[in-house]
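Topology and contacts: notes
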Amino acid sequence: MTIQRITVAQIKARKGGNPIVSLTAYHAAFAAIADNYCDFLLVGDSVGMVVYGMDTTLSVKSELMIAHGKAVVQGSKQALVVLDMPFGTYEESPEQAFRNAVYLIKETGCGALKLEGGVRISRTVRFLVERGIPVMGHIGLTPQMVKGFGGFKIQGKDAFGAKSIEEDGMAIEAAGAFALVVEGVVESLAARITDVLKIPTIGIGASSACDGQILVVEDMLGISRFVPKFVRRYASVGTIMDEAFKNYANDVRARKFPSGSEIYR
Ligand code: KIV
């Protein structure tokens with residue numbers, strides 16, 4: 001029996017229902033495991049920081065997203081695969097965004113794209129949605145604006161900031177996005193946005209007031225260099241890897257590895 005992938009419409013219909021489960025994914029092998037539990041997998045531009053050790057996501061290029069996007073689409077069967085549009089590929093004009101969006105979708109086979117920003121990019125979101133490209137929004141602490149924010153800092157702490165993030169959410173919904181990532185905002189604001197919007201909100205560092213949650217997979221597995229405070233660690237995979245690498249090194253140093261006749265079973 002062919003397994004049907006979860007659709008954008010199914011994610012949208014989960015507003016106020018069973019919480020939406022999501023993780024980032026960058027590799028086929030990780031995607032295959034996460035696929036058993038996640039409603040959608042995000043090929044985040046966080047790949048630049050998590051996999052390639054970059055300080056921000058700003059240097060990530062379309063080619064990198066395509067390589068990892070293809071791996072995640074190939075490794076998964078049921079989850080919707082959402083891909084981040086990297087910094088600089090959509091801000092100039094709706095036409096630029098459309099050209100790059102088509103390129104990313106054709107090359108990866110992903111089911112939707114995620115764009116960071118609110119009111120500022122709502123015209124672009126509408127332009128993409130009207131041309132058949134499903135868009136997930138992303139507001140609050142949007143990492144592509146890290147230089148403007150002066151670091152990875154919680155957003156919407158004062159009334160003015162909170163109001164403008166709420167307006168961002170409303171603009172992205174009105175532009176036709178099917179879901180919205182809300183990152184790094186105080187709980188009262190996440191709750192308010194979730195209450196006001198008809199599309200599901202997916203929180204990251206935004207409390208359980210949202211309609212679902214996404215985490216960076218390496219953070220929750222305990223293999224990231226820097227883990228944000230809000231992340232619950234579900235395993236200490238880094239410690240397990242350390243033990244395995246140590247045992248391996250000891251075996252090699254003791255010449256405990258197969259002779260030529262034993263290899264390639
Ligand atoms: O790039 C990413 O991983 C993201 C998530 C943190 C939402 O955008």
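As shown above, the structure is provided for reference.
Along every chain, residues carry numbers that run from 1 in the direction the sequence is written. Where totals are concerned, whole chains, interfaces and linings use all residues; where local detail is concerned, this predicted model gives features only for residues with pLDDT of at least 70, and gives and counts side-chain atom pairs only at 80 or more. Side-chain numbers come from the whole structure's heavy atoms, not from hydrogens or water.

Think of each axis as a best-fit line through the C-alpha atoms, taken over the contacting stretch in the case of a helix, with angles from 0 to 180 degrees between the N-to-C directions. Helix and strand assignments come from DSSP, with helices taken as H or I runs of at least 4 residues and strands as E runs of at least 2, each series counted from the N terminus. Their axes nearest at 8 Å, the elements helix α4 (residues 62-75) and helix α5 (residues 94-108) cross at an angle of 35°. α5 is crossed by α4, and the crossing has right-handed handedness. Taken together, the residues of α5 that come into contact with α4 (itself represented by Ser-62, Glu-63, Met-65, Ile-66, Gly-69, Lys-70 and Val-73) are Tyr-103, Leu-104, Glu-107 and Thr-108. Here the term charged refers only to Asp, Glu, Lys and Arg, the term nonpolar to Ala, Val, Leu, Ile, Met, Phe, Trp, Tyr, Cys and Pro, and the term polar to all other amino acids, Gly among them. Among the residues making up the contact of α4 with α5, the classes are represented as five nonpolar, three polar and three charged. Handedness of each helix crossing follows the sense of rotation of the near helix against the far helix: counterclockwise by less than a right angle gives left-handed, clockwise gives right-handed. We call two residues in contact when some of their heavy atoms are within 4.5 Å.

Turning next to a nonpolar patch on the surface. Only residues whose relative accessible area exceeds 30% and that form no salt bridge enter a patch; like-charged residues are grouped when within 9 Å of one another, and nonpolar side chains (Val, Leu, Ile, Met, Phe, Trp, Tyr) when within 5 Å. What sets the accessible areas is the Shrake-Rupley method with a 1.4 Å probe; for residues, cover comes only from the shown protein chains. The salt bridge criterion pairs a side-chain nitrogen of Lys or Arg with a carboxyl oxygen of Asp or Glu, the two atoms within 4 Å. Residues Tyr-248, Val-252 and Phe-257 make up a contiguous nonpolar surface patch of about 320 Å² in total accessible area. Take Phe-257: it is sitting in the segment after α11 (237-253). Residue burial is assigned from relative accessible area. The probe radius is 1.4 Å, only protein chains are included, and a residue is buried under 20% of its type maximum, exposed over 50%, and partly exposed in between. Assessed through its relative accessible area of 46%, Phe-257 is described here as partly exposed.

So, about the packing of aromatic side chains. Side-chain rings of Phe, Tyr and Trp, where Trp is taken by its six-membered ring, are said to pair if the distance between their centres is within 6.5 Å; with planes under 30 degrees apart they count as stacked, over 60 as edge-to-face, and otherwise as tilted. Tallying each qualifying case throughout the model produces one aromatic pair. For the ring pair Phe-98 and Phe-127, a centre distance of 6.3 Å and an interplane angle of 80° mean the geometry is edge-to-face. With Phe-98 in helix α5 and Phe-127 in helix α6 (residues 122-130), the pair connects residues that are 29 residues apart, well separated along the chain. With a relative accessible area of 26%, Phe-98 lands in the partly exposed category. Residue Phe-127 is classed as buried on the basis of its relative accessible area, which comes to 17%. One Lys or Arg, Arg-131, reaches over the ring of Phe-127 and ends 3.5 Å from the middle of that ring. The criterion is that NZ of a Lys, or CZ of an Arg, lies within 6 Å of the ring centre and within 35 degrees of the ring normal, and then a charge sits over that ring.

This next bit is on helix α8 (residues 159-174). Expected span, for any helix, means 1.5 Å times one less than how many residues it has. Along its 16 residues, α8 runs 22 Å from first to last C-alpha, staying within 8% of the 22 Å computed at 1.5 Å per residue. For α8, the complete set of buried residues consists of Gly-161, Ala-162, Ile-165, Glu-166, Asp-168, Gly-169, Ala-171 and Ile-172. In this structure, the buried residues of α8 make contact with α6, β5 (135-140), β6 (179-183) and α9 (187-196). Phi turns positive, to about 110°, at Gly-176, one or two residues after α8.

The next thing to look at is the packing of α8 against α9. Viewed as axis vectors pointing N to C, α8 and α9 meet at an angle of 30°, and their least axial separation amounts to 10 Å. When the interaxial angle is binned, α8 and α9 end up roughly parallel. Two packed elements cross with a definite hand, and for α8 against α9 that hand is right-handed. Contacts from Ala-162, Ile-165, Glu-166 and Met-170 of α8 reach α9 at Leu-189, Arg-192, Ile-193 and Val-196. Of the residues in the contact of α8 with α9, the class split is six nonpolar, no polar and two charged. Reported orientations rely on four angle classes, namely roughly parallel under 35 degrees, roughly antiparallel over 145, roughly perpendicular from 65 to 115, and oblique for the rest.

Neighbouring residues are identified by heavy atoms, a residue being near a molecule or strand if any of them is within 4 Å of it. Around the ligand, the neighbouring residues are Thr-24, Leu-42, Gly-44, Asp-45, Ser-46, Asp-84, Lys-114, His-138, Val-181, Glu-183 and Ile-204. At a separation of 2.5 Å, an oxygen atom of the ligand approaches a polar side-chain atom of Ser-46. Classifying every residue of the shell around the ligand gives three nonpolar, four polar and four charged. N or O atoms within 3.5 Å of each other form a polar contact, as long as, within protein, one can give a hydrogen and the other can take it, and as long as residues adjacent in sequence are counted only when both atoms are side-chain atoms.

With that out of the way, let us pick up the pattern of salt bridges. Side chains that carry opposite charge are capable of pairing whenever their charged atoms lie near each other. Inspection of every chain in the model, using the stated rule, returns nine salt bridges. For the salt bridge of Glu-167 with Lys-163, the shortest nitrogen-to-oxygen distance reads 4.0 Å. Of this pair, Glu-167 and Lys-163 are both found in helix α8, four residues apart, which corresponds to roughly one turn of the helix. Taking relative accessible area as the criterion, Glu-167 reaches 38% and is therefore assigned partly exposed. When the shortest N-O distance is used, the salt bridge between Glu-166 and Arg-192 registers 3.1 Å. Of the two residues, Glu-166 sits in helix α8 while Arg-192 sits in helix α9, which places them 26 residues apart along the sequence.

A few words on α11. With 17 residues, α11 ought to run about 24 Å at 1.5 Å a step, and its terminal C-alpha atoms sit 24 Å apart, in line with that. In the stretch just after α11, Arg-255 is the one whose phi turns positive, near 60°.

Leu-41, Met-85, Leu-113, Leu-115, Val-125, Leu-128 and Leu-180 are the most contacted members of the largest nonpolar core, which has 53 residues in total. At five residues, α4 tops the list of elements feeding residues into this core. Leaving out residues up to four positions away in the same chain, Leu-128 has contacts with Met-85, Ala-97, Phe-98, Ala-101, Leu-115, Ile-133 and Val-135. In this structure, Val-82, Ala-112, Phe-178 and Ile-204 belong to the second largest nonpolar core, which totals 15 residues. In this text, buried Ala, Val, Leu, Ile, Met, Phe, Trp, Tyr and Cys residues form a nonpolar core when linked through side-chain atoms within 4.5 Å.

Moving on to the pairing of strand β3 (residues 80-84). Among the five residues that make up β3, five are buried, leaving the element largely enclosed by the rest of the structure. Alternating residues of β3 divide into Leu-80, Val-82 and Asp-84 and Val-81 and Leu-83, and every residue in both groups is buried. Of the strand pairs in this sheet, strand β2 (residues 40-43) and β3 are connected by four bridges, and their pairing is parallel. Bridge pairing in β3 links Phe-40 to Leu-80. When DSSP finds two or more bridges between a pair of strands, those strands are recorded as paired. When β3 meets strand β4 (residues 112-114), the two strands line up parallel, connected through three bridges.

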